[in-house]
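Geometric and topological summary
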Amino acid sequence: MVGRVPFKEFQGAEQWIIGNYAYYSTISDRFLVYDISNPTQPKLTDTIKVDARLVNDIMTTADGKILVISREGASNRKNGIAFYDTSDPAHPKLISEYTETVTGGVHSAFIDGHYVYLTDDATGSMRVIDFSNVKQPKEVARWEVPNQVATTITTNDGHREVVGRYLHDLQVKDGLAYLAYWRDGLVILDVGNGMKGGSPERPQLVSQLRFNHHELYGNGWLAGTHSVFRYKNYVFVGDEVFPPIFEIRDPKRIPVRGIVHVVDVSDIANPRKVAEYPVPEAGAHN
(Lines give C-alpha, C1' and ligand atoms only; values in the text may rest on other atoms or scores of the structure.)
Protein backbone atom coordinates (compact mmCIF):
# COMPACT_ATOMS: atom_id res chain seq x y z
CA MET A 1 0.00 0.00 0.00
CA VAL A 2 1.38 3.39 -1.00
CA GLY A 3 -1.35 5.75 0.22
CA ARG A 4 -4.55 5.80 2.21
CA VAL A 5 -7.42 8.12 3.18
CA PRO A 6 -9.22 6.84 6.29
CA PHE A 7 -12.86 7.83 6.85
CA LYS A 8 -14.15 8.53 10.36
CA GLU A 9 -17.60 10.06 9.84
CA PHE A 10 -19.05 7.69 7.22
CA GLN A 11 -18.35 4.65 5.09
CA GLY A 12 -17.07 4.68 1.54
CA ALA A 13 -19.14 3.04 -1.18
CA GLU A 14 -17.66 3.06 -4.71
CA GLN A 15 -14.81 4.78 -6.54
CA TRP A 16 -13.96 5.86 -10.07
CA ILE A 17 -10.42 6.84 -11.00
CA ILE A 18 -9.60 8.72 -14.20
CA GLY A 19 -6.40 10.63 -14.88
CA ASN A 20 -5.09 12.20 -11.67
CA TYR A 21 -8.45 12.22 -9.89
CA ALA A 22 -10.40 9.75 -7.79
CA TYR A 23 -14.15 10.24 -7.34
CA TYR A 24 -15.43 8.50 -4.23
CA SER A 25 -19.08 7.92 -3.29
CA THR A 26 -20.20 7.34 0.29
CA ILE A 27 -22.94 5.81 2.38
CA SER A 28 -24.04 9.33 3.24
CA ASP A 29 -25.10 12.57 1.55
CA ARG A 30 -21.91 13.41 -0.34
CA PHE A 31 -19.23 12.32 -2.75
CA LEU A 32 -15.57 13.24 -2.54
CA VAL A 33 -12.92 14.29 -5.04
CA TYR A 34 -9.23 13.51 -4.53
CA ASP A 35 -6.16 14.63 -6.45
CA ILE A 36 -4.02 11.48 -6.63
CA SER A 37 -1.22 12.84 -8.81
CA ASN A 38 0.93 11.96 -5.79
CA PRO A 39 -0.58 8.60 -4.80
CA THR A 40 1.27 8.55 -1.49
CA GLN A 41 -0.60 11.68 -0.39
CA PRO A 42 -4.13 11.85 -1.83
CA LYS A 43 -5.42 15.41 -1.53
CA LEU A 44 -9.10 16.19 -1.00
CA THR A 45 -10.10 18.89 -3.51
CA ASP A 46 -13.87 18.98 -3.05
CA THR A 47 -16.80 17.54 -1.11
CA ILE A 48 -20.06 17.62 -3.08
CA LYS A 49 -23.21 17.51 -0.96
CA VAL A 50 -26.29 15.90 -2.50
CA ASP A 51 -29.84 15.18 -1.37
CA ALA A 52 -29.44 11.47 -0.62
CA ARG A 53 -28.75 9.09 2.24
CA LEU A 54 -26.63 6.91 -0.04
CA VAL A 55 -24.57 7.93 -3.08
CA ASN A 56 -23.68 4.43 -4.19
CA ASP A 57 -22.38 4.39 -7.75
CA ILE A 58 -20.12 6.91 -9.46
CA MET A 59 -18.61 6.92 -12.96
CA THR A 60 -17.46 9.26 -15.73
CA THR A 61 -17.74 9.07 -19.48
CA ALA A 62 -14.69 7.62 -21.25
CA ASP A 63 -13.34 11.12 -21.95
CA GLY A 64 -13.81 12.11 -18.30
CA LYS A 65 -15.94 15.15 -19.16
CA ILE A 66 -19.22 14.09 -17.52
CA LEU A 67 -19.68 12.42 -14.13
CA VAL A 68 -22.80 10.47 -13.15
CA ILE A 69 -23.85 9.52 -9.61
CA SER A 70 -26.72 7.38 -8.36
CA ARG A 71 -28.90 8.45 -5.42
CA GLU A 72 -30.99 6.66 -2.80
CA GLY A 73 -32.93 8.04 0.17
CA ALA A 74 -33.49 11.63 -1.03
CA SER A 75 -35.54 13.81 1.32
CA ASN A 76 -37.89 14.82 -1.52
CA ARG A 77 -38.17 11.18 -2.69
CA LYS A 78 -36.76 12.16 -6.06
CA ASN A 79 -33.69 9.95 -6.27
CA GLY A 80 -32.53 8.93 -9.73
CA ILE A 81 -29.18 10.11 -11.06
CA ALA A 82 -27.32 13.40 -11.41
CA PHE A 83 -24.94 14.61 -14.12
CA TYR A 84 -21.89 16.77 -13.34
CA ASP A 85 -19.56 18.80 -15.56
CA THR A 86 -15.94 17.82 -14.86
CA SER A 87 -14.25 20.42 -17.09
CA ASP A 88 -12.47 21.26 -13.86
CA PRO A 89 -11.96 17.68 -12.61
CA ALA A 90 -11.16 18.85 -9.08
CA HIS A 91 -14.52 20.63 -8.72
CA PRO A 92 -17.50 18.98 -10.48
CA LYS A 93 -20.50 21.22 -11.22
CA LEU A 94 -24.10 19.99 -11.41
CA ILE A 95 -25.55 20.02 -14.94
CA SER A 96 -28.86 18.17 -14.61
CA GLU A 97 -30.77 15.39 -12.90
CA TYR A 98 -32.90 12.52 -14.12
CA THR A 99 -35.59 11.33 -11.70
CA GLU A 100 -38.77 10.97 -13.76
CA THR A 101 -39.01 7.16 -13.93
CA VAL A 102 -36.53 6.26 -11.17
CA THR A 103 -37.69 8.27 -8.16
CA GLY A 104 -37.61 5.08 -6.07
CA GLY A 105 -33.82 5.04 -6.10
CA VAL A 106 -30.88 3.95 -8.26
CA HIS A 107 -28.32 1.61 -6.75
CA SER A 108 -25.99 1.11 -9.71
CA ALA A 109 -25.34 2.84 -13.03
CA PHE A 110 -23.06 2.19 -15.98
CA ILE A 111 -22.18 4.62 -18.77
CA ASP A 112 -21.69 3.41 -22.33
CA GLY A 113 -21.35 6.15 -24.95
CA HIS A 114 -24.16 8.65 -24.35
CA TYR A 115 -26.34 6.12 -22.53
CA VAL A 116 -26.59 5.36 -18.82
CA TYR A 117 -27.88 1.91 -17.86
CA LEU A 118 -29.58 2.04 -14.43
CA THR A 119 -30.93 -0.29 -11.78
CA ASP A 120 -34.37 0.89 -10.66
CA ASP A 121 -34.88 0.06 -6.98
CA ALA A 122 -38.65 0.50 -7.09
CA THR A 123 -39.44 -1.99 -9.86
CA GLY A 124 -36.32 -4.16 -10.14
CA SER A 125 -36.02 -3.19 -13.80
CA MET A 126 -33.19 -1.87 -15.95
CA ARG A 127 -33.69 1.61 -17.40
CA VAL A 128 -31.67 3.12 -20.25
CA ILE A 129 -31.22 6.90 -20.20
CA ASP A 130 -30.01 8.82 -23.27
CA PHE A 131 -27.97 11.88 -22.29
CA SER A 132 -26.82 13.00 -25.75
CA ASN A 133 -28.45 16.24 -24.61
CA VAL A 134 -27.07 16.19 -21.08
CA LYS A 135 -29.28 19.08 -19.96
CA GLN A 136 -32.39 17.09 -20.89
CA PRO A 137 -31.70 13.36 -20.37
CA LYS A 138 -34.55 11.01 -21.29
CA GLU A 139 -35.46 7.36 -20.83
CA VAL A 140 -35.35 5.33 -24.05
CA ALA A 141 -35.78 1.76 -22.79
CA ARG A 142 -36.86 -0.47 -19.92
CA TRP A 143 -36.14 -4.19 -19.54
CA GLU A 144 -36.97 -6.62 -16.75
CA VAL A 145 -37.29 -10.31 -15.93
CA PRO A 146 -40.91 -11.43 -15.63
CA ASN A 147 -40.92 -11.93 -11.82
CA GLN A 148 -42.89 -9.81 -9.38
CA VAL A 149 -41.22 -6.81 -7.74
CA ALA A 150 -38.81 -7.83 -4.98
CA THR A 151 -39.95 -8.21 -1.40
CA THR A 152 -38.56 -9.73 1.78
CA ILE A 153 -40.47 -12.75 3.09
CA THR A 154 -40.23 -15.02 6.12
CA THR A 155 -40.21 -18.68 5.08
CA ASN A 156 -41.84 -21.59 6.91
CA ASP A 157 -38.59 -22.41 8.68
CA GLY A 158 -38.35 -18.86 10.03
CA HIS A 159 -35.57 -17.30 7.96
CA ARG A 160 -35.91 -14.17 5.85
CA GLU A 161 -34.98 -13.83 2.20
CA VAL A 162 -35.41 -11.45 -0.72
CA VAL A 163 -37.56 -12.87 -3.50
CA GLY A 164 -38.87 -11.52 -6.77
CA ARG A 165 -37.28 -9.08 -9.19
CA TYR A 166 -34.24 -7.17 -7.94
CA LEU A 167 -31.52 -5.83 -10.23
CA HIS A 168 -28.32 -5.01 -8.35
CA ASP A 169 -25.50 -4.24 -10.79
CA LEU A 170 -24.68 -4.09 -14.50
CA GLN A 171 -21.87 -3.65 -17.01
CA VAL A 172 -21.97 -2.96 -20.75
CA LYS A 173 -19.14 -4.14 -22.99
CA ASP A 174 -19.01 -4.60 -26.78
CA GLY A 175 -22.75 -4.12 -27.18
CA LEU A 176 -23.70 -6.67 -24.50
CA ALA A 177 -25.17 -5.81 -21.09
CA TYR A 178 -24.36 -8.10 -18.16
CA LEU A 179 -26.91 -7.86 -15.34
CA ALA A 180 -26.55 -9.12 -11.76
CA TYR A 181 -30.19 -9.96 -11.14
CA TRP A 182 -30.21 -11.22 -7.53
CA ARG A 183 -32.14 -14.56 -7.45
CA ASP A 184 -32.42 -14.50 -11.25
CA GLY A 185 -28.64 -14.79 -11.53
CA LEU A 186 -26.64 -13.52 -14.49
CA VAL A 187 -28.65 -12.08 -17.40
CA ILE A 188 -27.00 -11.12 -20.71
CA LEU A 189 -28.70 -8.71 -23.13
CA ASP A 190 -27.89 -7.54 -26.65
CA VAL A 191 -27.88 -3.74 -26.50
CA GLY A 192 -26.05 -3.10 -29.77
CA ASN A 193 -23.87 -6.14 -30.42
CA GLY A 194 -26.24 -7.28 -33.16
CA MET A 195 -26.48 -10.98 -32.38
CA LYS A 196 -30.17 -10.66 -31.39
CA GLY A 197 -30.96 -7.41 -33.18
CA GLY A 198 -30.74 -5.45 -29.94
CA SER A 199 -29.89 -1.80 -29.36
CA PRO A 200 -29.84 0.57 -26.37
CA GLU A 201 -33.45 1.43 -27.24
CA ARG A 202 -34.45 -2.24 -27.73
CA PRO A 203 -32.55 -4.59 -25.38
CA GLN A 204 -32.94 -8.26 -26.34
CA LEU A 205 -32.32 -11.32 -24.14
CA VAL A 206 -29.27 -13.41 -25.11
CA SER A 207 -28.91 -15.85 -22.20
CA GLN A 208 -29.25 -16.37 -18.46
CA LEU A 209 -27.49 -18.39 -15.75
CA ARG A 210 -29.07 -18.92 -12.32
CA PHE A 211 -27.31 -19.92 -9.11
CA ASN A 212 -28.72 -21.91 -6.18
CA HIS A 213 -28.01 -19.51 -3.33
CA HIS A 214 -29.90 -21.61 -0.79
CA GLU A 215 -27.66 -24.58 -1.59
CA LEU A 216 -24.55 -22.36 -1.45
CA TYR A 217 -25.27 -20.60 1.86
CA GLY A 218 -28.12 -22.39 3.65
CA ASN A 219 -30.80 -20.86 5.87
CA GLY A 220 -30.63 -17.50 7.57
CA TRP A 221 -28.88 -15.40 4.90
CA LEU A 222 -30.04 -12.72 2.48
CA ALA A 223 -28.20 -13.87 -0.63
CA GLY A 224 -28.23 -13.05 -4.33
CA THR A 225 -26.21 -12.20 -7.42
CA HIS A 226 -24.70 -8.80 -6.72
CA SER A 227 -21.96 -7.71 -9.15
CA VAL A 228 -20.68 -8.55 -12.64
CA PHE A 229 -17.50 -7.91 -14.60
CA ARG A 230 -16.68 -9.19 -18.11
CA TYR A 231 -13.01 -9.90 -18.88
CA LYS A 232 -11.95 -11.75 -22.05
CA ASN A 233 -14.12 -14.90 -22.24
CA TYR A 234 -15.19 -14.82 -18.60
CA VAL A 235 -17.72 -13.01 -16.45
CA PHE A 236 -16.84 -12.71 -12.78
CA VAL A 237 -20.05 -12.73 -10.74
CA GLY A 238 -20.03 -11.69 -7.08
CA ASP A 239 -22.69 -12.63 -4.55
CA GLU A 240 -23.95 -10.41 -1.75
CA VAL A 241 -24.66 -12.39 1.41
CA PHE A 242 -25.83 -10.60 4.56
CA PRO A 243 -27.51 -11.69 7.80
CA PRO A 244 -31.32 -11.40 7.72
CA ILE A 245 -31.18 -8.24 9.87
CA PHE A 246 -28.33 -5.73 9.78
CA GLU A 247 -27.63 -1.99 9.96
CA ILE A 248 -25.51 -0.82 7.03
CA ARG A 249 -24.28 2.27 8.91
CA ASP A 250 -23.20 0.36 12.03
CA PRO A 251 -19.45 0.91 12.62
CA LYS A 252 -19.17 -2.69 13.81
CA ARG A 253 -18.27 -5.24 11.18
CA ILE A 254 -21.22 -7.02 9.57
CA PRO A 255 -20.72 -10.78 9.03
CA VAL A 256 -20.88 -11.55 5.29
CA ARG A 257 -20.13 -14.60 3.15
CA GLY A 258 -20.31 -13.92 -0.61
CA ILE A 259 -18.24 -15.90 -3.11
CA VAL A 260 -17.17 -15.08 -6.67
CA HIS A 261 -18.44 -17.31 -9.50
CA VAL A 262 -16.30 -17.60 -12.64
CA VAL A 263 -18.51 -17.99 -15.72
CA ASP A 264 -17.22 -19.00 -19.16
CA VAL A 265 -19.07 -17.02 -21.85
CA SER A 266 -17.03 -18.11 -24.88
CA ASP A 267 -20.40 -19.54 -26.01
CA ILE A 268 -22.44 -16.47 -25.08
CA ALA A 269 -25.75 -18.29 -25.61
CA ASN A 270 -24.78 -20.95 -23.06
CA PRO A 271 -22.85 -19.43 -20.14
CA ARG A 272 -21.43 -22.03 -17.76
CA LYS A 273 -19.85 -21.80 -14.35
CA VAL A 274 -16.29 -23.17 -14.34
CA ALA A 275 -14.95 -22.09 -10.92
CA GLU A 276 -15.67 -20.24 -7.73
CA TYR A 277 -13.51 -18.26 -5.35
CA PRO A 278 -14.44 -17.85 -1.67
CA VAL A 279 -12.94 -15.19 0.59
CA PRO A 280 -12.66 -16.82 4.04
CA GLU A 281 -14.34 -14.94 6.92
CA ALA A 282 -14.80 -11.72 4.95
CA GLY A 283 -16.75 -12.60 1.78
CA ALA A 284 -16.47 -10.93 -1.62
CA HIS A 285 -18.74 -8.02 -2.43
CA ASN A 286 -17.58 -6.42 -5.67
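This text gives an overview of the structure that appears in the document. (Residues numbered from 1 in each chain as written. Predicted model: local features only at pLDDT ≥ 70, side-chain atom pairs only at ≥ 80, totals over all residues. Heavy atoms only, no water.)

So, a nonpolar patch on the surface
The condition that has to hold: A patch is a set of surface residues, each over 30% in relative accessible area and not in a salt bridge, joined within 9 Å for like charges and within 5 Å for the nonpolar side chains Val, Leu, Ile, Met, Phe, Trp and Tyr. Only the protein chains shown count as covering a residue, and every accessible area follows the Shrake-Rupley method with a 1.4 Å probe. Each reported salt bridge corresponds to a side-chain nitrogen of Lys or Arg within 4 Å of a carboxyl oxygen of Asp or Glu. Only DSSP runs of H or I reaching four residues or more are called helices, and only runs of E reaching two or more are called strands; each is numbered from the N terminus.
A grouping of Phe229, Tyr231, Tyr234, Phe236 and Val274 is seen on the molecular surface, where their side chains present a nonpolar patch of about 460 Å² in accessible area. Listed by contribution, the elements that provide at least two residues to the nonpolar patch are β19 (222-231) and β20 (234-242). Note on placement: Tyr231 falls in strand β19.

Structural notes on the pattern of salt bridges
Defined as follows: Categorising residues by exposure relies on relative accessible area from a 1.4 Å probe, with only protein chains included: less than 20% of the type maximum marks a residue as buried, more than 50% marks it as exposed, and the intermediate range marks it as partly exposed.
Inspection of the entire model under this criterion finds 11 salt bridges. Residues Arg71 and Glu97 are paired through a salt bridge, measuring 3.0 Å at the closest nitrogen-oxygen approach. One end of the pair, Arg71, is in the loop between β6 (66-70) and β7 (81-85); the other, Glu97, is in strand β8 (residues 93-98), and 26 residues separate them in sequence. A relative accessible area of 5% places Arg71 in the buried class. With a closest N to O distance of 3.5 Å, Arg272 and Asp264 form a salt bridge.

Let's talk about the packing of aromatic side chains
Our working definition: Pairing of aromatic rings covers Phe, Tyr and Trp, the last counted by its six-membered ring, and requires centre-to-centre distances within 6.5 Å; plane angles under 30 degrees mean stacked, over 60 mean edge-to-face, and any other angle means tilted.
In the structure shown here, the tally under the stated rule is six aromatic pairs. Between Phe7 and Phe10, the aromatic rings sit 5.3 Å apart at their centres with planes inclined by 55 degrees, giving tilted as the arrangement. Take Phe7: its relative accessible area is 24%, and that puts it in the partly exposed class. Ring centres 5.6 Å apart and planes at 70 degrees place the aromatic pair Tyr166 and Trp182 in the edge-to-face group. Residue Tyr166 is located in the loop between β14 (160-163) and β15 (169-173), and its partner Trp182 is located in the loop between β16 (176-180) and β17 (186-190); the two are separated by 16 residues in the primary sequence. Each member of the pair Tyr166 and Trp182 is classed as buried. Cluster of aromatic residues (ring-pair linked, three or more members): Phe7, Phe10 and Tyr24.

A word on the sheet that holds strand β3 (residues 30-35)
Quick reminder of the rule: Any two strands with at least two DSSP bridges between them are considered paired. To obtain an axis, a line is fitted to C-alpha atoms, over the contacting stretch when the element is a helix, and the angle between two such axes runs from 0 to 180 degrees between their N-to-C directions.
An order of β1-β2-β3-β4 is seen for the four strands of this open sheet, with the pairing classed as antiparallel. Looking at the sheet topology across the chains shown, the edges are occupied by β1 (12-18) and β4 (43-49). Adjacent strand axes in the sheet meet at a mean angle of 20 degrees when their direction is disregarded. Strand direction decides the pairing type here: strand β2 (residues 21-26) and β3, joined by five bridges, are antiparallel. Following the sheet pairing, Tyr24 is matched in β3 by Leu32.

Some thoughts on the environment of Gly258
Put simply, the rule reads: By the convention used here, residues are in contact when the closest approach between their heavy atoms is within 4.5 Å.
Relative to the assigned elements, Gly258 resides in the loop between β20 and β21 (259-264). Spatially, the C-alpha atom of Gly258 lies 8.3 Å from that of Phe242, the residues being 16 residues apart in sequence. Beyond its immediate sequence surroundings of up to four residues, Gly258 is in contact with Tyr217, Asp239, Val241, Gly283 and Ala284.

A word on the sheet that holds β17
Taken in spatial order, the four strands make up an open sheet running β15-β16-β17-β18, and their pairing is antiparallel. Edge positions in the sheet fall to β15 and β18 (204-209), since each of these pairs with one other strand and no more. Averaged over neighbouring strand pairs, the angle between their axes works out to 20 degrees when direction is ignored. Here β15 pairs with β16 via five bridges, running antiparallel. Looking across to β16, one finds that Val172 is bridged to Ala177.

Quick word on the pairing of β1
Note: β1 against β2, five bridges, orientation antiparallel. Among the inter-strand pairings, Gln15 is bridged to a residue of β2, identified as Tyr24. Joining the antiparallel neighbours β1 and β2 is a turn of two residues, in which Gly19 adopts a positive phi near 60 degrees.

Side note on the environment of Ala177
Within the secondary structure, Ala177 sits in strand β16. Residue Ala177 is classed as buried on the basis of its relative accessible area, which comes to 1%.

Overview of the pairing of β7
For β7, the buried fraction is high: four of the five residues fall into the buried class. The pairing of β6 with β7 spans five bridges and is classified as antiparallel. Bridged to Ile69 within β7 is Ala82. As defined by bridge partners, β7 adjoins β8 across five bridges and the pair is classed as antiparallel. Within β8, the position partnered with Ala82 by the bridge is Glu97.

Geometric values such as these leave the question of function open.
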